[in-house]
Amino acid sequence: MRSHPLATDAVVALGVLVSMVIGSFAGPHGPHGPTFVTRAPEPLSLLLMVLGAAALVFRRRHTRAVLAVTGALCLLELTTGEPRAPVAMSTVIALYTLASRTDRPTTWRIGLLTMAGLTGVAMLAGPPPWYAQENIAIFAWTGMAAAAGDAVRSRRAFIGAIRERAERAERTREEEARRRVAEERLRIARDLHDVVAHHIALVNVQAGVAAHVMDKRPDQAKEALAHVRDASRSALNELRATVGLLRQSGDPEAPTEPAPGLGVLDELVDTFRHAGLPVKVMVELGGERDALPAAVDLAAYRVIQEALTNVRKHAGPEVRAEVSVVRVGASVEVTVLDDGGAPAAGEDEGEGGGHGLLGMRERATALGGSCFAGPRFGGGYRVHAILPVT
């Protein structure tokens, strides 16, 4: 119907024509009430009914013109037809269409004019008494058409407003998601900057010390160490200038403490245990925990932190968690499991959640690894991250 409105209006017009023709055979003044096939319409009445129905085919394209045409045909029938045919039905449909597609003041102005005009002509030009039921019926039908059209218009406006609010809310949610993703990426960039800057600062300090204590070395060694110091200082300045654009006003100019890592994993787990979450930890790095690259160490720590936070927030009471960090070849695999009945670490994938899981994936992807989160068979949730060491 929406794809072919003209065909729909043609079907409606055909239905109105059939109804008018059938109604023209009914007589309202039978001995025991209305009777059927006691009269027949005049040829002029049939022509007017056909013209009125044909005009309804264009009722949505030329609303006011169709109402004017059908109203004129109805007035012509009321003043000449005897017996009268229900040509007014075409005017009723045209008035309903106009009321459903325009504003309320216009609807009632045109509606009252149509009601008064058709009813007044019917009462003045028709046979007595002036209060006959067919005259009152014209008034009632036109009034109901205007009221029904106005109600439909109001309903459409209400639904349109709800749809618009829903679309606006969806756009706002998407913008909020993009904003949170951007903030998470900025936070990752700051962490990487802090880690890299920390180690470059150490290189700078060691190079400066070596330059002072190696006076007995050849001049070439001093010159090489001076180049190392200058290069490290330049790298620090470039990093600070680049990432400084990402920092918000009020952020500290430089990190005041080293970035966290697996070396303080026990302290992190203890905080969750004190909060009532039993956590079992297993770390198998082959004695190389301290040898992990700083970015990998930090990423593993953040993945565990975010996963345990989601377990504590979303997995429900009486839940237990397991954390394992295992060195497998050239990568470190971090796994966080829980036995809760509701989504935990992946809660943020649904509607209305946060973006912690997205942050885990961003961290793993930035290092060339991967991160997966999903429900476990039999209940609970599993977060598994693979972080390349080299």
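Here the structure is shown first, and the text comes after it.
Throughout this description, residue numbers start from 1 for each chain and increase along the sequence as written. Only residues with pLDDT of at least 70 get local features here, since the model is predicted, and only at 80 or more are side-chain atom pairs given and counted; chain-wide, interface and lining totals rely on the full set of residues. Water and hydrogen atoms were dropped before computing side-chain values, which therefore reflect all heavy atoms in the structure.

## Considerations on the overall build of the protein
Part 1: Think of it this way: any DSSP run of H or I at least four residues long counts as a helix, any run of E at least two long counts as a strand, and we number them from the N terminus. Secondary structure summary: the protein contains 10 helices and 7 strands in total.
Part 2: Out of the 390 residues belonging to the protein, those deemed buried represent 36%.
Part 3: Sequence separation of at least 24 residues holds for 68% of the intrachain contacts in the protein that already meet a minimum separation of 6.
Part 4: Using the Shrake-Rupley algorithm and a 1.4 Å probe, accessible areas are obtained, with residue cover drawn only from the displayed protein chains. Accessible area for the protein stands at about 22300 Å²; split by element, carbon and sulfur atoms hold 60% of it. Between buried and exposed lies partly exposed: a residue is buried under 20% and exposed over 50% of the maximum accessible area for its type, with that area taken using a 1.4 Å probe on protein chains only. The contact criterion used throughout is that any non-hydrogen atoms of two residues lie within 4.5 Å.

## Brief notes about a nonpolar patch on the surface
Part 1: Nonpolar side chains (Val, Leu, Ile, Met, Phe, Trp, Tyr) are joined into patches within 5 Å and like charges within 9 Å, using only residues with over 30% relative accessible area and no salt bridge. The rule for a salt bridge is simple: a side-chain nitrogen of Lys or Arg has to be within 4 Å of a carboxyl oxygen of Asp or Glu. A contiguous nonpolar patch, built from Leu14, Val18 and Ile22 and spanning about 270 Å² of accessible area, is present on the exposed surface.
Part 2: With respect to the element layout, Ile22 can be found in helix α1 (residues 5–23).
Part 3: Judged by relative accessible area, which is 46%, Ile22 ranks as partly exposed.

## Notes on the nonpolar core
Part 1: Of all hydrophobic cores here, the largest spans 36 residues; its most connected members are Leu262, Val279, Ile304, Leu308, Val334 and Val383.
Part 2: Mapped by element, the contributors of at least two residues to this core are α8 (265–274), α9 (294–314), β4 (321–328), β5 (331–338), α10 (356–366), β6 (370–375) and β7 (381–388).
Part 3: Examining the composition of this core, we find that 9 residues originate from one element, α9, more than from any other.
Part 4: Not counting residues within four places of it along the chain, the set of residues in contact with Val334 comprises Ala300, Val303, Ile304, Ser324, Val325, Val383, His384, Ala385 and Leu387.
Part 5: Only buried residues count toward a nonpolar core. Its members are Ala, Val, Leu, Ile, Met, Phe, Trp, Tyr and Cys residues joined through side-chain atoms within 4.5 Å. Among the nonpolar cores identified, the runner-up in size contains 21 residues, and Leu56, Leu73, Val87 and Val92 belong to it.

## A look at the pattern of salt bridges
Part 1: Here the structure, examined in full by the defined rule, presents 11 salt bridges.
Part 2: Two residues, Arg59 and Asp9, come together in a salt bridge whose shortest N-O distance is 3.1 Å. You can see Arg59 sitting in the loop between α2 (43–56) and α3 (63–80) and its partner Asp9 sitting in helix α1, a full 50 residues away along the chain.
Part 3: Exposure remark for Asp9: the relative accessible area of 3% places this residue in the buried category.
Part 4: The closest approach of N and O atoms between Asp150 and Arg153, which form a salt bridge, is 2.9 Å. Linking Asp150 with Arg153, this pair stays in helix α6 (residues 133–213), spanning 3 residues, or about one helical turn.

## Observations concerning α2
Part 1: In this model α2 runs 20 Å from its N-terminal to its C-terminal C-alpha over 14 residues, within 8% of the 20 Å that 1.5 Å per residue would give.
Part 2: Buried within α2 are the following residues: Ser45, Leu48, Met49, Gly52, Ala53, Ala55 and Leu56. Buried residues in α2, looked at end-on, bunch into an arc of 155 degrees, giving them a common side. The length a helix should cover is 1.5 Å for every residue beyond the first. Here, the arc refers to the directions that run from the helix axis to the C-beta atoms.

## Thoughts on the environment of Val336
Part 1: Positionally, Val336 belongs in strand β5.
Part 2: With a relative accessible area of 2%, Val336 lands in the buried category.
Part 3: Here the alpha-carbon distance between Val336 and Ala307, two residues 29 residues apart in the chain, equals 6.6 Å.
Part 4: Ignoring sequence-local partners within four residues, the contact set of Val336 consists of Ile304, Ala307, Leu308, Glu322, Val323, Tyr381, Arg382 and Val383.

## Observations concerning α9
Part 1: Taking 1.5 Å per residue, 21 residues should reach 30 Å; α9 reaches 30 Å between its end C-alpha atoms and fits that length.
Part 2: Positioned one or two residues after α9, Gly316 has a phi angle of 90 degrees, which is positive.

## Considering the side chain of Ser90
Part 1: Relative to the assigned elements, Ser90 resides in helix α4 (residues 88–100).
Part 2: Not counting residues within four places of it along the chain, the set of residues in contact with Ser90 comprises Val16, Met20, Gly52, Leu56 and Thr70.

## Looking at the packing of α2 against α3
Part 1: Direction vectors running N to C along α2 and α3 enclose 165 degrees, while the axes themselves pass 9 Å from each other. Overall, the two elements α2 and α3 adopt an arrangement that is roughly antiparallel. The crossing of α2 and α3 is left-handed. Contact residues: Leu44, Ser45, Leu48, Leu51, Gly52, Ala55 and Leu56 in α2; Val66, Val69, Thr70, Leu73, Leu76, Glu77 and Thr80 in α3.
Part 2: Across the contact of α2 with α3, the residue classes tally to 9 nonpolar, 4 polar and 1 charged. Angles shown run from 0 to 180 degrees and are taken between the N-to-C directions of axes, each axis being a line fitted to C-alpha atoms and, for helices, limited to the stretch in contact. Between 65 and 115 degrees an angle is taken as roughly perpendicular, under 35 as roughly parallel, over 145 as roughly antiparallel, and anywhere else as oblique. Left-handed describes a crossing whose near helix is turned anticlockwise from the far helix through less than a right angle; right-handed describes the clockwise counterpart. Any residue that is not Ala, Val, Leu, Ile, Met, Phe, Trp, Tyr, Cys, Pro, Asp, Glu, Lys or Arg is counted as polar, Gly included; the first ten are nonpolar and the last four charged.

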